[in-house]
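# Coordinate analysis (summary)
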Amino acid sequence: MSQECPEFQSHQTRQPQQVRPASLLFGKRFLGLVAMSLVFVVTLVLRPSLLKAAWDGVTRILHVESTPPPPPLVIKARHEMQSPAPAAPQPQSDDSGEAQVQKLSTDFEKSAWGASLQDWSALHPEIPCAPFHGHMWGRGADAQWAQQCSIPTELQAAAHWSFYIFTLQEPLVSRLEQFDETTIALPEEALKQVQQSLQTRLAARYGPAEDRSPTAHARAVSWPEFLRWQPVDLEIQLDLSEFDPQRKEGRLRLQARHRALLNALNDDERLKRLGTADFTYEVGSAIDQQLADSLLLEFPDVATMLVKQQPDPDPQKMREAVEQWQNQLSSAGPAGQTRVRAFVIAAPQTNWKPEKFYDALVRLLTNAKIAPPDRQPVLLFASDRLAWRLPWLMNNDYSQAGHWQKWRTNLASFGVTYEQSSEGGRTYTSALLKRVEADYPETDWGERAFLILLTHGWDTGVDCEAGSDQFRHVIARGLAFLEKRPNSPYQLDVQLIVAQAHETWWSLSQAPTDQEDSDANPQEYKEGAEAARQQAIARYEHLLQFAPQSDQAAYARRVLPRLKQSIDTGQRRFYCSVAD
């Protein structure tokens, strides 16, 4: 089964075939029939699924050189590279380059798309496979493999076949959805020849590639850096993965992805915000927009600050900048990066002034003290948003550094506090957000404050101040919320977070002990881990049952298959580690 198919053999000019004596031809066919009989007997006692593959191997022997081989065993349609028809002799690349072409071609040929892990491994028992173990918080669908089979060569040049479970349809089986391999580091000329040879082979099977390389002046090399083919149910990329312009050497990467993985990747953007807390604190988020609408008449400047990362540039200064840019262009030389830099220098650099932010923050907090009770949570919530951004503005405008100590003292009298971080800066402790959640729990803004605190693991301190195991706090507070407020509009969000917290617990119990970038000790989480896995499954299934069209349900579909199969999901959302 490891024999290379003719379409992957080196592209060389073939010699005319000679007429063979009849006795030799008869002898070869006789030996072939004997081999067929032996294979037939052996495969009867082995797996039935291998019978067709074995027969194909023998049939290939009996065919003459000009006859294409029959298709090998696959679960779904197989896509293989084919060499073009014989052409005039071409210069051969050096040995290392030609060897890389043959290796990548042969390895790519092993990709039986949609094949189950069991069937694929039976065809390639020499390639070791391992289940996923690690941490994966915030990573996309392509990293969420269940098992991966790899040829143990140089780490950066190893070939990988990745198996995924993206469906809840029984039986839950991991299937081959991605192949990727990178060449060893090669000199530029050898790398070019490898790229051209692989491109030719791929184009012969899939047609012309889409060239996604940058514009000519920005390229690292003269030949195409990023090529893509998109046949039915498959996407193939041949990319320059790295290149050292000083040493004039680099690597190529060949990657192919099957339909189930491609569909999952299309869902990544929609699911991204459900796997991280960062979206809730992005400037101009939906919460900021609603706060701005509520404050627009009374505090128009604050409304603008909430929804804009930077103030709009002054029109007069922009006109002056354009004139300056035009003057610089006349002396900037030929088109290129020099002209781009000229405009960057000319354009006015705008940002919010720290003193304006501080003044707006004090006005909001002062009004919150005398405002009606139903108005107070809005003012405090908006103040929390500005207080969070103030240290960043100070770091970008040192002209007000002398006022920082005085400002912090004054803000502390309103309950706004900052702590020293390990990097030397100041971090806001979200004291106002906690106040909104604690003092106005029955209001919509109080429930929103609860949700934001929950997404942050209920830890707003510095450097994991509340401890590593955030999932324990999230589970306790989340379950209490679900029981007390069954009709809350944030029920789905809290259900999802509680499921992720249980998933975090179980995944920590599966953590490997030999990863340098992980300090989790799985033995500390074994107790209760299986119950946590079952709870995570139950919570995710609840989302599928009661809100099947929601984004939360789409997220549940992504992780449920692996949880049900007890395959580590790498969830670390509610595990805090300074080392990470």
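Before reading on, note that the structure itself is shown above.
The model shown is predicted, which means the values in this text are computed figures rather than measured ones.

Definitions and limits used
- Along each chain, the written sequence defines residue order, and numbers are assigned to residues from 1.
- Since the coordinates come from a predicted model, pLDDT governs what is reported: local features require at least 70, and pairs of side-chain atoms require 80 or more to be given and counted, while whole-chain, interface and lining totals use all residues.
- To get the side-chain values, all heavy atoms of the structure are used, and hydrogens and water are removed first.
- Strands here mean DSSP runs of E at least two residues long; helices mean DSSP runs of H or I at least four residues long; both are numbered from the N terminus.
- Exposure classes here rest on a 1.4 Å probe applied to the protein chains alone. A residue is buried below 20% of its type maximum, exposed above 50%, and partly exposed in between.
- Strands are labelled as partners when DSSP assigns at least two bridges between them.
- By disulfide we mean two sulfur atoms from cysteines, separated by a distance within 2.5 Å.

### Observations regarding unusual backbone geometry
If a residue is not glycine, its phi is most likely negative; likewise, a peptide bond is most likely trans. A cis amide bond links Glu170 to the next residue, Pro171, at an omega of -5 degrees. Locating Pro171 in the fold gives a position in the loop between β3 (159–164) and β4 (175–182). Of note in this structure, Lys248 is not a glycine but carries a positive phi near 55 degrees. Here Lys248 shows up in the loop between β8 (234–244) and β9 (249–258). Although it is not a glycine, Trp458 sits at a positive phi angle of roughly 55 degrees.

### Focus on the pairing of β8
Most of β8 is tucked away, with 8 of its 11 residues classed as buried. Bridging between β8 and β9 involves 10 bridges; their strand directions are antiparallel. Bridging from a neighbouring strand, Ile236 pairs with Ala256 of β9. In this antiparallel pair of consecutive strands, β8 and β9, the connection spans 4 residues, and Lys248 shows a positive phi of 55 degrees.

### Brief notes about the pairing of β9
The element β9 is extensively covered by neighbouring structure, given that 8 of its 10 residues are classed as buried. Here β4 pairs with β9 via 5 bridges, running antiparallel. When the sheet's bridge partners are listed, Glu181 is paired in β9 with Leu254.

### Some points on the state of the cysteines
Applying the stated criterion across every chain yields a total of 2 disulfides. For Cys129, the disulfide goes to Cys149, at an S-S distance of 1.9 Å. Its S-S torsion of about 105 degrees marks the bond between Cys129 and Cys149 as right-handed, since a negative value means left-handed. Of the two residues, Cys129 is situated in strand β1 (residues 129–131) and Cys149 in strand β2 (residues 147–150); the sequence distance between them amounts to 20 residues. You can call Cys149 buried: its relative accessible area is 0%. Through a disulfide, Cys464 is tied to Cys576; the S-S separation comes to 2.0 Å. Taking the sign of the torsion about the S-S bond as the criterion, the disulfide between Cys464 and Cys576, at about -85 degrees, is left-handed.

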